[in-house]
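The residues making up each chain are set out below.
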Amino acid sequence: MTVATAMVSPSCARAQGNGKVAIVVGVDRPGNLPALSAGVSSARKVAEWLTSENFDVALLTDDTSPVKAADIKNAISTRLASSTPRLLLIYFSGHGFVNQQSEFWMLSGAPEDPNEAVNLVGSVLIARQNPVPNIVIISDACRSAPSDLGISNVQGSLIFPNRGRAATMSVDVDQFLATRVGEAAYEVKLSDSIANFQGLFTTSFLSAFQDPRPEMVFDLDGEKVVPNRRLKRYLLSDLPKRAQASGLLLRQLPDSSVTSDDDIYIGRAHFSVGQQAPLKPMTTPEDIAASDILGTEPPNTGGESNTKLSRAGDYVYAKLDLLSVPFNTPTSATGSTVLVVGAKGISTLLVSAGLEAKTTGSSDGDAVSIEVVHARNRAYSVAIRFADGSGTVIAGLPRHDVTVVVREGGVASVTYNTRDNAFNAERLTSLRAAVAAAASIGAFRLANEDVAGKFADEIRVMKGVDPMLGIFAAYAYAQAGRIEQLISVAQFMKGDLGVLPFDVAMLAASTGAEPPPATHDIVDPAIVPFCPMLSQGWNLLQAVGASIPKEFEEARHFLKQALWTTFDHKGMDIVLEAQVWKS
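Residues numbered from 1 in each chain as written. Predicted model: local features only at pLDDT ≥ 70, side-chain atom pairs only at ≥ 80, totals over all residues. Heavy atoms only, no water.

Chemist: Account for the overall build of the protein chain, with residues named and values stated.
Modeler: When helices and strands are counted, the protein chain shows 18 helices and 23 strands. Split into buried and exposed, the 583 residues of the protein chain put 60% on the buried side. Considering only contacts within the protein chain whose residues lie at least 6 apart along the sequence, 75% involve residues at least 24 apart. Of the roughly 22,000 Å² that the protein chain leaves accessible, carbon and sulfur atoms contribute 50%. (Helix = DSSP H or I, 4+ residues; strand = E, 2+ residues; numbered from the N terminus. Buried < 20%, exposed > 50% of the residue type's maximum accessible area, 1.4 Å probe, protein only. Contact = heavy atoms within 4.5 Å. Areas by Shrake-Rupley, 256 points an atom, 1.4 Å probe, with all protein chains shown as cover.)

Here is the structure:
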């Protein structure tokens, strides 16, 4: 085994010339956090298995010396510089946390050093810029709540080389995460997460290759292998059973996102006793969301337990809640209307570009209407402070009115309504609610080619793209590596609106199709607002080289856990003093 600087293990020999590279990381003791017991041991098990599968393995563990972000990046960069592997695998086992719907891996120097963590979502975005046809991410991270870790300033590092634009070849990035990203309720207290972390996900993952079920096996040129795309339903079935057998209350579901085909695999199928029984039909959260969004029949749930695993109830509840929001009735023929629902009042409003905003209804009711005067055909940024002191910054778009929905202290939905009635308003309203509900439980995916194509047709409104759906589509296409569709969304929105939402401009910049957003010292009239609107966008700023006003950089440390950007009262104090509102 090839061993990087953090640990030396003479027991394994280097596997050469086969085009498969793995960087395996295990960290039991990051910073001043309580020690784990299975991070290093899990990493060793995976390294040994991958070596037997003819991978060139670099093993980084903290049992002899600290693991640094530079160690991981150097291990990747060195191997990419010397050759182009056909498959690059990154495995991590240790402390993790979710912040703004993104996963971070804690390395030895974290949280004291804010850069000694891995920003996973940002790293995956730039991974696609590298000429490696197949990349696999496996994360067996103990999931802890950010508030327990004292990590508000941790932004993490990017571990892949940043080449500034998408690779000329198609790059599949398959991800296998021990727990699902997308909802604050899935985070657990530090004491609970440590007690429950026994490397169960790693054990479950490795078991998939031992006496696998018949539907998991693929015959590739006479060799029996287990393709990546056939692991998803097995993990969803096997991991909860192992947790239950261990007496643990596992509140997370494994999260797999696979874009590769059946000819891409990590390991061979091994048979000792005989194949396991076939899996029952399984419904995933993505299945439930996709069937509703595209108007197709949902798959067989396979029983009550699988229905619970699909989180169908959470999805339906979130969708019905959004469908109950009152319609935004314009208050002015020349102005732009912003309807805020669920905030229990508005205390402060600031609008860019010298525009004026005023409330046109009760400022302390559940629904407050705001008129941005003479903004009917203008793009603008608006800061809205709610009655509890928290608030948000959103974009106003030409010829559109905006509805902002606040739930449980955070912004749950931002939708845009055109005043042109020449479209199916009922279908569009339902589609928006379905997409937002799916995103709220981390289940909005466009990895499947058929689903991605159908969704592209659904979000078209006349000659453009529905703004809210366009923003979600851009993130989903970026995650799935569907570069052409991402660029198409950006082009349609820019052509129709004359401007781009910050999030879409940022994601398009990752492909080289647009320059990185730069709102730090000038007010760019072609990009609104001054910062990402979806919370997950904050963790991509570094990856694309985007810059925002310095006050917003400071305020990001006071972001709340919500689907859409929501600052707490301290963050809003900083945002409202930003120089950009005075330009």
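Chemist: Which residues make up the sheet that holds strand S14 (residues 357-359), and what values do they have?
Modeler: Strand order across the open sheet formed by 5 strands is S14-S15-S12-S18-S19, with mixed pairing between neighbours. Each of the sheet's edge strands pairs with one partner strand only, and the pair in question is S14 and strand S19 (410-418). Pairs of neighbouring strands in the sheet enclose a mean axial angle of 20°, with direction left out of account. Where strand S12 (residues 336-341) lies against strand S18 (residues 400-407), 4 bridges are found, and the strand directions are parallel. By the bridge assignment for S18, Val-338 is matched with Val-402. (Pairing = 2+ DSSP bridges. Axes fitted to C-alpha atoms, helices over the stretch in contact; angles between N-to-C directions.)

Chemist: If you had to explain helix H14 (residues 483-497) to someone new, which residues and values would you point to?
Modeler: Residue pairs three or four apart in sequence face the same way in an α-helix, which turns once every 3.6 residues. For H14, built from 15 residues, the straight-helix expectation of 21 Å at 1.5 Å per residue is met to within 8% by its first-to-last C-alpha distance of 21 Å. Listed in full, the buried residues belonging to H14 are Leu-486, Val-489, Ala-490, Met-493 and Leu-497. Along the long axis of H14, the arc covered by the buried residues comes to 95°, so they all point the same way. Of the exposed residues in H14, the ones pointing more than 90 degrees away from its buried face are Glu-484, Gln-491 and Gly-495. Where H14 terminates, the next one or two residues include Gly-498, which has phi positive at roughly 80°. (Expected span 1.5 Å × (residues − 1). Arc of directions from axis to C-beta.)

Chemist: Could you give an account of the packing of helix H1 (residues 39-52) against helix H6 (residues 200-207), with specific residues and numbers?
Modeler: Between H1 and H6, the least distance of the axes is 10 Å, while the angle of their chain directions is 20°. Comparing the axis directions of H1 and H6 gives the class roughly parallel. For H1 against H6, the interelement crossing comes out left-handed. Taking contact as the criterion, the partners of Ser-42, Lys-45, Val-46 and Trp-49 in H1 are, on H6, Thr-202, Phe-205 and Leu-206. Class assignment for the residues of the contact of H1 with H6 results in 4 nonpolar, 2 polar and 1 charged. (Parallel < 35°, antiparallel > 145°, perpendicular 65-115°, else oblique. Left-handed = near helix turned anticlockwise from the far one by under 90°. Nonpolar A, V, L, I, M, F, W, Y, C, P; charged D, E, K, R; others polar.)

Chemist: Go over helix H7 (residues 232-245), please, and point to the residues and values.
Modeler: When the terminal C-alpha atoms of H7 are compared, their 21 Å separation across 14 residues agrees well with the 20 Å that a helix rising 1.5 Å per residue should span. Three or more residues of H7 are buried, namely Tyr-234, Leu-235, Leu-236, Ser-237, Asp-238, Leu-239 and Ala-243.

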